[in-house]
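# Structure assessment
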Amino acid sequence: MKLATKTLCLVLGAWILTGCSLHPLGIDDDEWARMSQTDQLRAYEKQAELDKVRAEAQARERQAQAEAEARKYEAMAEMRRNAQYGDIVQCVLDPVDVLYSSDWVALKPQVFDLVRGEERALSLQEQRKHYSTKTRVTFAESGLEVALCRDDYYANRRDGCFRALGTSRDFQRGFRKDFTIDGFMKGTLRCDLKPIGRRYY
């Protein structure tokens, strides 16, 4: 019994240190009060097993996500190395303002390029460096769309993105579009296809 009590104290101590305040396995107070010390110990041990399985699953998921991101990054790098004319779009955001505390704040102009199918975060900073934000930029695999989207929990709203659509000739000649992302950003986006080798405008 002393050994069981000591083990219970150790498991309980570990449970408390993890920040868990409820009884293990979701057991309510009344049922917990009726349980023997041995049954309580078994409940803690079972909860510890479940927590271990959950932690291992989360670790595998994080590893899988990291590997997927690494493969995606390598695929984009490979496409850049072997890019042909039309595979890379180059864009300029200028001017660009972001809505901050009910006021429009001017941000530094930004230049970026993307390969087909690439999506990434683009950091934007205020002229005086007092404020910064991010937007997600995407060049569709079709090569016919560049998108700017909010990089926060509003990103999935229907008005959370600006999409610049054009034909192949539009992208070859280059285009300029004024845009507003409701409650977030406004400005002017200029894009064209990046010259590669002997292929120019």
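Notes on the structure follow. (Residues numbered from 1 in each chain as written. Predicted model: local features only at pLDDT ≥ 70, side-chain atom pairs only at ≥ 80, totals over all residues. Heavy atoms only, no water.)

### What to know about the overall build of the protein
The secondary structure content of the protein amounts to four helices and nine strands. Counted from the first residue to the last, the protein has its helices and strands arranged as α-α-α-β-β-β-β-β-β-β-α-β-β. Residues classed as buried in the protein amount to 31% of the 201 residues present. Excluding contacts between residues fewer than 6 apart, the proportion of contacts in the protein whose partners are at least 24 apart in sequence is 46%. Here the protein has roughly 13300 Å² of accessible surface; of this, 50% comes from carbon and sulfur atoms. (Helix = DSSP H or I, 4+ residues; strand = E, 2+ residues; numbered from the N terminus. Buried < 20%, exposed > 50% of the residue type's maximum accessible area, 1.4 Å probe, protein only. Contact = heavy atoms within 4.5 Å. Areas by Shrake-Rupley, 256 points an atom, 1.4 Å probe, with all protein chains shown as cover.)

### Quick notes on the sheet that holds strand 6 (residues 145–150)
Taken in spatial order, the four strands of this open sheet run 4-5-6-7, and their pairing is antiparallel. Whereas interior strands pair on both sides, the edge strands pair on one side only; in this sheet they are strand 4 (119–125) and strand 7 (161–165). Neighbour-to-neighbour, the strand axes of this sheet turn through a mean angle of 25°, independent of strand direction. Bridge count between strand 5 (residues 132–139) and strand 6: five bridges; the pairing is antiparallel. In the strand pairing of strand 6, F139 is matched with V146. (Pairing = 2+ DSSP bridges. Axes fitted to C-alpha atoms, helices over the stretch in contact; angles between N-to-C directions.)

### Points about the state of the cysteines
Applying the stated rule across the entire model yields two disulfides. Here C91 engages in a disulfide with C191; their sulfurs sit 2.1 Å apart. The disulfide joining C91 to C191 has a torsion of about 110° about its S-S bond and is therefore right-handed. One end of the pair, C91, is in strand 1 (residues 88–100); the other, C191, is in strand 9 (residues 185–193), and 100 residues separate them in sequence. Since its relative accessible area comes to 1%, C91 is described here as buried. For C191, a relative accessible area of 4% gives the class buried. Between the sulfur of C149 and that of C161 lies a disulfide, 1.9 Å long from S to S. For the disulfide bridge between C149 and C161, the dihedral angle about the S-S bond is near 115°, and by the sign convention the bridge is right-handed. Pair noted here: C149 is in strand 6 and C161 is in strand 7, with a separation of 12 residues, a long-range link. C161 matches C149 in its accessibility class, with the two residues each being buried. (Disulfide = S-S within 2.5 Å.)

### Side note on the packing of aromatic side chains
Per the counting criterion, the structure on display carries five aromatic pairs. A centroid spacing of 6.0 Å and a plane angle of 40° characterise the contact between F139 and F171, whose relative ring orientation is tilted. Highlighted residues: F139 in strand 5 and F171 in helix 4 (residues 168–173), separated in sequence by 32 residues. For F139, a relative accessible area of 0% corresponds to the buried category. Under the relative-accessibility criterion, F171 is labelled buried at 1%. (Phe/Tyr/Trp six-rings, centres within 6.5 Å; stacked < 30°, edge-to-face > 60°.)

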